[in-house]
Amino acid sequence: MSRASLKTAPTADRTVEHLNRLDERLRWLSTWTIHNANHLRNSRDGLKVGGHQASCASMTTILATLYFHALRPQDRVAVKPHASPVFHAIQYLLGRQSRDQLERFRAYGGAQSYPSRTKDHDDVDFSTGSVGLGVAVTAFASLTQDYLKAHGWLDPAREGRMVATLGDAELDEGNIYECLIEAYKHDIKNAWWIVDYNRQSLDATTADRMFDRFDDIFATFGWRVLNLKHGKAQLAAFARPGGEHLRTWIDACPNADYAALTYQGDWRERLMRDIGERPHVKALLDSYDEPGLAALMTGLGGHCVETLLEAYAQASADDTPTLFIAYTIKGFGLPLAGHKDNHAGLMTPNQVEALRQALGVPEGEEWEPYAGVPTQEADALRAFVEASPFAQPADRRPVAPVVPIPTRSEFPSPDGKEQSTQAAFGRILLDLSKLDHPIAGRLVTTSPDVTVSTNLGGFVNHRGLFRRRETRDVFRDAKIPSTQKWIGGRAGQHIELGIAENNLFLNLAALGLAGAIWGERLLPIGTVYDPFIARGLDALNYACYQDARFMLVATPSGLTLGPEGGAHQSIHSPVIGIGQPKLTYFEPAFVDELAEVMRWSFEHMQADDGGSVYLRLTTRSFPQVERQDDAWRDEALKGAYWLRKPGADAEAAIVFCGAVAPEVLEAADQLAEDFGGIGVLNVVSPGLLHRDWMGSQRARWGGEAPRRSHAAKLLAELAPGAGLVTVIDGSPGALSWLGGVLGQRVSPLGLDEFGQVGDLTDLYRRYRLDAQAIVEACAGLFLHDA
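Before going into details, it helps to say that this report is about the structure given with it. Predicted model, so just to flag it, every value in this text is computed and none were measured.

**Quick look at the overall build of the chain**
Part 1 of the reasoning: Check the secondary structure of the chain and you find 35 helices and 20 strands.
Part 2 of the reasoning: For the chain, the C-alpha radius of gyration of 31 Å lies close to 28 Å, the compact-globule estimate for 786 residues.
Part 3 of the reasoning: On the principal axes, the C-alpha backbone points of the chain span a range of 105 × 70 × 55 Å.
Part 4 of the reasoning: Counting the 786 residues in the chain, one finds 59% classified as buried.
Part 5 of the reasoning: Looking at the chain alone, contacts between residues at least 24 apart form 77% of all its contacts between residues at least 6 apart.
Part 6 of the reasoning: Summed over all atoms, the accessible surface of the chain reaches about 31100 Å², with 51% contributed by carbon and sulfur.
Part 7 of the reasoning: Placing the 78 positive and 98 negative side-chain charges of the chain at their respective mean positions leaves the two points 4 Å apart.

**Some words on the nonpolar core**
Across soluble globular proteins, you tend to see nonpolar side chains buried next to one another.
Part 1 of the reasoning: The biggest cluster of nonpolar side chains holds 112 residues, and the ones touching the most others in it are Trp193, Trp249 and Leu738.
Part 2 of the reasoning: A per-element tally of this core places helix α7 (residues 133-150) first, with 11 residues.
Part 3 of the reasoning: Once you skip the residues sitting within four places of it in the chain, Leu738 turns out to touch Val655, Val683, Leu689, Ala711, Leu715, Leu724 and Gln744.
Part 4 of the reasoning: Listed in part, the 69 residues of the second largest apolar core include Leu559, Val684, Ala777 and Leu781.

**Some details on the pattern of salt bridges**
Any two side chains of opposite charge can pair, on the condition that their charged atoms come close.
Part 1 of the reasoning: Per the counting criterion, the structure on display carries 52 salt bridges.
Part 2 of the reasoning: Among the ionic pairs, Lys229 bridges to Asp251, the shortest N-O distance being 3.2 Å. Here Lys229 is found in the loop between β4 (224-228) and α10 (232-238), whereas its partner Asp251 is found in helix α11 (residues 243-252), with 22 residues between them in sequence.
Part 3 of the reasoning: Among the charged side chains, a network of salt bridges with common partners joins Arg408, Glu596, Arg599, Glu603, Asp630, Arg633 and Asp634.

**Quick notes on helix α35 (residues 771-782)**
Part 1 of the reasoning: Relative to the 16 Å expected for 12 residues at 1.5 Å per residue, α35 spans 17 Å between its end C-alpha atoms, a close match to the ideal helical length.
Part 2 of the reasoning: The element α35 is extensively covered by neighbouring structure, given that nine of its 12 residues are classed as buried.
Part 3 of the reasoning: All of the buried residues along α35 are Ala771, Ala773, Ile774, Val775, Ala777, Cys778, Gly780, Leu781 and Phe782.
Part 4 of the reasoning: Lining the buried residues of α35 we find β17 (652-657), α29 (661-672), β19 (723-728) and β20 (746-749).

**Observations regarding the packing of aromatic side chains**
Part 1 of the reasoning: Taken as a whole and judged by the stated rule, the model has 24 aromatic pairs.
Part 2 of the reasoning: With a centroid separation of 6.5 Å and 80 degrees between ring planes, the pair formed by Trp249 and Trp267 is classed as edge-to-face. Of this pair, Trp249 sits in helix α11 while Trp267 is found in helix α13 (residues 267-275), placing the two residues 18 residues apart along the sequence.
Part 3 of the reasoning: Take Trp249: its relative accessible area is 8%, and that puts it in the buried class.

**Observations concerning the packing of α7 against helix α23 (residues 501-511)**
Part 1 of the reasoning: Packing of α7 against α23 brings their axes to within 8 Å, and their N-to-C directions diverge by 60 degrees. Considering their axes alone, α7 and α23 lie oblique with respect to each other. When the axes of α7 and α23 are compared, the crossing they make is right-handed. Along the contact surface, α7 presents Leu133, Ala136, Val137, Phe140, Ala141, Leu143 and Thr144, while α23 presents Asn502, Asn503, Leu506, Asn507, Ala509, Ala510 and Leu511.
Part 2 of the reasoning: Of the residues assigned to the contact of α7 with α23, the class counts are 10 nonpolar, four polar and no charged.

**Comments concerning the environment of Gly50**
Part 1 of the reasoning: Tracing the backbone shows Gly50 in the loop between α2 (12-40) and α3 (53-57).
Part 2 of the reasoning: By relative accessible area, which is 7% here, Gly50 ends up buried.
Part 3 of the reasoning: Gly50 sits 451 residues away from Glu501 along the chain, and the two C-alpha atoms are 33 Å apart.

**Observations regarding the sheet that holds strand β18 (residues 679-683)**
Part 1 of the reasoning: The five strands lie next to each other as β16-β18-β17-β19-β20, forming an open sheet whose pairing is mixed. Across the chains shown, the open sheet's two edge strands, defined by having one partner strand only, are β16 (640-644) and β20. Pairwise comparison of adjacent strand axes, ignoring direction, gives a mean angle of 25 degrees for this sheet.
Part 2 of the reasoning: Direction of pairing for β17 relative to β19: parallel, over a ladder of six bridges. Each bridged residue has a counterpart across the sheet, and for Cys657 the counterpart in β19 is Ile728.
Part 3 of the reasoning: Running at roughly 165 degrees to β17, α29 makes contact with β16, β17, β18 and β19 of the sheet.

**A closer look at the pairing of β20**
Part 1 of the reasoning: Only one face of β20 is covered, namely the face carrying Ser747 and Leu749; the face carrying Val746 and Pro748 is uncovered.
Part 2 of the reasoning: Of the strand pairs in this sheet, β19 and β20 are connected by four bridges, and their pairing is parallel. For Val725, the partnering residue across the bridge sits in β20 and is Ser747.

About the criteria used
- Residues numbered from 1 in each chain as written.
- Predicted model: local features only at pLDDT ≥ 70, side-chain atom pairs only at ≥ 80, totals over all residues.
- Heavy atoms only, no water.
- Helix = DSSP H or I, 4+ residues; strand = E, 2+ residues; numbered from the N terminus.
- Rg over C-alpha atoms; globule rule 2.2 N^0.38 Å.
- Buried < 20%, exposed > 50% of the residue type's maximum accessible area, 1.4 Å probe, protein only.
- Contact = heavy atoms within 4.5 Å.
- Areas by Shrake-Rupley, 256 points an atom, 1.4 Å probe, with all protein chains shown as cover.
- Lys, Arg positive; Asp, Glu negative; His and termini not counted.
- Charge placed at Lys NZ, Arg CZ, Asp CG, Glu CD.
- Core = buried A, V, L, I, M, F, W, Y, C linked by side-chain atoms within 4.5 Å.
- Salt bridge = Lys/Arg side-chain N within 4 Å of Asp/Glu carboxyl O.
- Expected span 1.5 Å × (residues − 1).
- Phe/Tyr/Trp six-rings, centres within 6.5 Å; stacked < 30°, edge-to-face > 60°.
- Axes fitted to C-alpha atoms, helices over the stretch in contact; angles between N-to-C directions.
- Parallel < 35°, antiparallel > 145°, perpendicular 65-115°, else oblique.
- Left-handed = near helix turned anticlockwise from the far one by under 90°.
- Nonpolar A, V, L, I, M, F, W, Y, C, P; charged D, E, K, R; others polar.
- Pairing = 2+ DSSP bridges.

Okay, structure coming up:
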């Protein structure tokens, strides 16, 4: 056998030895990284840095066995947020993370508090941090992988498992169970969720009655559940005389008691008090000294390398989604172990010094990867890491080819004297799906049970539902008339979801990362009722944070679904659109604007410096404007253009967005009779306009060459002292900020209270969005009452 093959095929015993040593190294490096950030690095603001030493210590064995044995380069992992220092230590041992990054953990430019695809320098697959979301996204990543495979786009070399490591407190997050339902419907495969079941959270100890419930819940949804409660040393003890009594005691011990005993170390006294009179128990306990008994009682399955390796091997036999419940001790191997306050607790300098000495780490060599390990063993350990499957060369950040976008002349733009942007969106998608063009196959739509009411029906009729197995349209087969002719199969391009907006945004996140993870770009489009963006806002923010690329189409917006009442009328979503990083918000009034925006969006979704897009559309139909030329197009894609140019002496302009166009134009016509030259500014994208204005401010503050924002150029065409009336079927703050660009007076109109049922005539009158309100607001500006 060659020397190289010896390196790649260590004996089972040596593998366990190496992984135990690596477990120790990760515990030290993560502890030291946090200690350095809190006690050694200069603190200029006096704030605690933090870092969760106890949460890291409970995960080191799980992550060591994963990364240095079970994982392959094609596998993707969402790491438990509070175990970030352990992940960075793993990358450090792999040579993919720098010491400088570790030394600057939680400092500007350094390793992030929680793993981040976009901000960390090492190889993060999925951002985590908002607990639960990093777990759930792996289920949708599995669905995305299935989608690519079904369409013939998945390189077999890139097909892997979607793995999440999570703290047990994350199992309280509702989005996990919403995700489980959807995962079961779509029969996902190749998903591993590994629970660090340390039974301690920030405020409490996990309820004892949950011991058996997680097994039931996941098994019901078709998951294999592997309970890793006892390590090999405990199982060996249970096999000895008296061991069955010890096992019964451990299994029945309340979580809080077990944690307190771990911290106090009074195992013998408590065990003798509770079960010492049982046959052979005293002799069993007497066979262990105090350190040995403590090691036995804390030697749970999640800290046993052999137990974990056996579980991974069992789960690797097929593609069944698997939940590993790995029992652990929070703070394992540290003086914080088991303490009620250990979640945010930090070891003292003296405690860290004692740990350094116990691990044999020489003073001054704390950052060395294998400090304290004898030279020969360190060489073997380094070779083991280098030979681990995950360490092998692989293109884990592929560059996906760009999907060509139809030119402006090719891109569909529905005709019609009177249209709504919502209906036009559906027609554009249908027309795109019929094109003999690469874009048609790369579109994938998804919706939380509002496919029909958000006008995706035509697209689904033409392109079909995505299903792992072929499904018939039972209603069509029964000759029951229906406008929906939905057939499901592997070639389908619509992923239908249940009514859970978190799932929508997590699905968009996974689909929107297809290019970055598998090298095959998709153009995902998700539709939702505009007010219900807020129901999944954390997941939307999460999707944007990791730079997933997608188009969010939200409709109906504002008051325009009047008969449905206030719960279905959106108010603050425009402000969300403006404020959300990596998301560009548009609210086109006219259909030709919508077509132009969608074409731009598909390019923006693929650009290196691009992002995702949010379209706020409406069910309201109204007359379309007649264009004299195409001069408006480029300015619209900068955020706004003059629908009616202001006169040289105009004392006011009406600035509007979206559905209120008819009222604005009616008011402008009325005012023109007495006040000629009033301008009408159509804001197609409040988000682009605001971002550009802020960018011009930052350029000035940063010492760059000054530039004038698009908003400033447009508003400069008004006479000095002119005021603005801003009108939007949403929060007035979405447009009223324009008064600050050149210091103009503003009279803002919009929604700042909950709506109610009614038709638009009544509602626009009640909430001051009708033409009369706009005229009165302009009059107030003329009289300087604004």
